[in-house]
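Analysis of the macromolecular model
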Amino acid sequence: MKEIYLDHAATTKLDERVLEKMTPYFLNDYGNANSQHGFGRAAQQAVDEARDTIAGLIGAKASEIYFTSGGTESDNWALRGVASALKDKGNHLIISKIEHAAMLSTAKELEKEGFEFSYIGVDSEGFIDLDELEKAIRPTTILVSCMLANNEIGTIEPIKEVAEIAHRHGVLCFTDAVQAMGALDVNVTDLGVDMMSFSAHKFNGPKGVGALYIKTGVKIGRLISGGHQERTRRGGTTNVPGVVGFAEALKLAKAELKENYDYVANLRNRFVNRVKTEIPFVKFNGPEDFSRRLPNNADFSFEYIEGESILFSLDLAGIAVSSGSACSSGSLDPSHVLLAIGVPEEIAHGSIRFTFGKENTMEEVDYTVDTLKEIVTRLRAMSPLFDLKGDIKDV
Ligand code: PLP
């Protein structure tokens, strides 16, 4: 049976060149980067080099990069860190309605602690409403936040404009760049943001390591208390092999960005064209203008059937996809992102996200569409809703 991985927004395969760079830090230079001896110095040197590399690749200073355990921690830290550092200035924060659970669930917790949140809506393609955003800013607002690219429907948000609006009102701006990093040329200076989160496993780096960019001068409290690591802002022994792999993966992603962008966009385009023309009653979610969506993302709602049934049938055929975001699968609630762009609940239930990667081939795309056509036809044949649709059509 074929094994086809089309879930690159959930995570990616580690690049072997990255593994090669990481291996010595597991087996030879395994010292604690905080230790005073030779092992420690070798580890510290590798961490310093990784920090320099990452900073240089995103237009930041090395002193502005703080290593974390990944996107979730960085998102939590940005929200909680600003809330605790600026609570005397205000208790109001603004985020978009389509943020990742790492943001939304932290917001819900902070609400219980007395902070107030405004959740800004998006249009039918997932773009944030900039007017609503500006109107939501109050004298007590301490943070404006919007993700750089959405993990479900691939919408690339106008973060430069979001940052300009926030700054016009003297408010800090944070962006979650977890999905965008590696796929787009992300530069903090161009974007004008004060903080940004990103995570290595989304661009062929290791899992469990990420970073928070914190612009010089930005006040933010600690999330993780402990030793003096990360210039006393984030305690915990540094994940040296992870950090080394993170830097190497980002270096490769940036160096090969154009080639990878064109390659995966080509796969995605053929997939989208074939699904749109060969499978009836489908809704393509996210921007129609492909220059404004992540190159590897295709999200479809298949009317009259459940996304989970499609997912499990594809899995049986050896094809790995996601229904909604991987982090929220296990729950049968329709995706908050699809609801936010106005997809009716019953249609949102039939949604599948296909995300392509540089390891996929055009043959895999064609095999997936062929298999999908059979599955959708079979599931619809069993669906009472689809029968009803037929009846209604016949009338
Ligand atoms: N933010 C976004 C937009 C994501 O897509 C993800 C992961 O899917 C995260 C945050 C969480 O990142 P991590 O898996 O590194 O914790």
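Report on the accompanying structure. (Residues numbered from 1 in each chain as written. Predicted model: local features only at pLDDT ≥ 70, side-chain atom pairs only at ≥ 80, totals over all residues. Heavy atoms only, no water.)

Glancing now at the environment of L257. With respect to the element layout, L257 can be found in helix α9 (residues 257-278). The spacing of L257 and G182 is 75 residues in sequence and 7.1 Å in space, taken between C-alpha atoms. Not counting the four nearest positions on each side in its chain, L257 is found in contact with G182, A183, L184 and D185. (Helix = DSSP H or I, 4+ residues; strand = E, 2+ residues; numbered from the N terminus. Contact = heavy atoms within 4.5 Å.)

What follows concerns empty space enclosed by the protein. Applying the stated rule across the entire model yields 1 cavity of 30 Å³ or more. The calculated volume of the largest cavity comes to roughly 410 Å³. In terms of lining residues, the largest cavity is bounded by 32 residues, among which G182, A183, K202, N204 and N296 are the most central. Those elements that provide at least two residues to the lining of the largest cavity are α8 (240-255) and α9. Considering every element that reaches the lining of the largest cavity, the biggest residue donor is α9, with 4 residues. (1 Å grid on protein atoms, 1.4 Å probe; cavity = no way out; pocket = protein on both sides within 12 Å on 5 of 7 lines; lining within 4 Å. Points joined across faces, edges and corners; volume = space filled by probe spheres on them.)

What follows deals with the pairing of strand β12 (residues 351-355). Two faces, one strand: in a regular strand the side chains alternate between the faces of the sheet. Of all the 5 residues making up β12, 5 are buried; the element is thus mostly covered by neighbouring parts of the structure. Both faces of β12 are covered, namely the face carrying S351, R353 and T355 and the face carrying I352 and F354. Bridge count between strand β10 (residues 297-302) and β12: 5 bridges; the pairing is antiparallel. Within the sheet, the bridge partner assigned to A298 lies in β12 and is F354. (Buried < 20%, exposed > 50% of the residue type's maximum accessible area, 1.4 Å probe, protein only. Pairing = 2+ DSSP bridges.)

The next subject is the site of the ligand. Among the 14 residues in the neighbourhood of the ligand, the closest are listed as T72, D176, Q179, S199 and K202. Contact distances for the ligand include 2.8 Å between an oxygen atom and a backbone N or O atom of G71. Here a nitrogen atom of the ligand sits 2.6 Å away from a polar atom, N or O, in the side chain of D176. In the complex, the protein chains occlude 89% of the 390 Å² of accessible area that the ligand would expose alone. The dominant element in the shell around the ligand, judged by the number of residues it contributes, is helix α3 (residues 71-85), at 3 residues. Class assignment of the residues belonging to the shell around the ligand gives a composition of 3 nonpolar, 8 polar and 3 charged. (Near = heavy atom within 4 Å. Polar contact = N/O pair within 3.5 Å; in protein donor to acceptor, adjacent residues only side chain to side chain. Areas by Shrake-Rupley, 256 points an atom, 1.4 Å probe, with all protein chains shown as cover. Nonpolar A, V, L, I, M, F, W, Y, C, P; charged D, E, K, R; others polar.)

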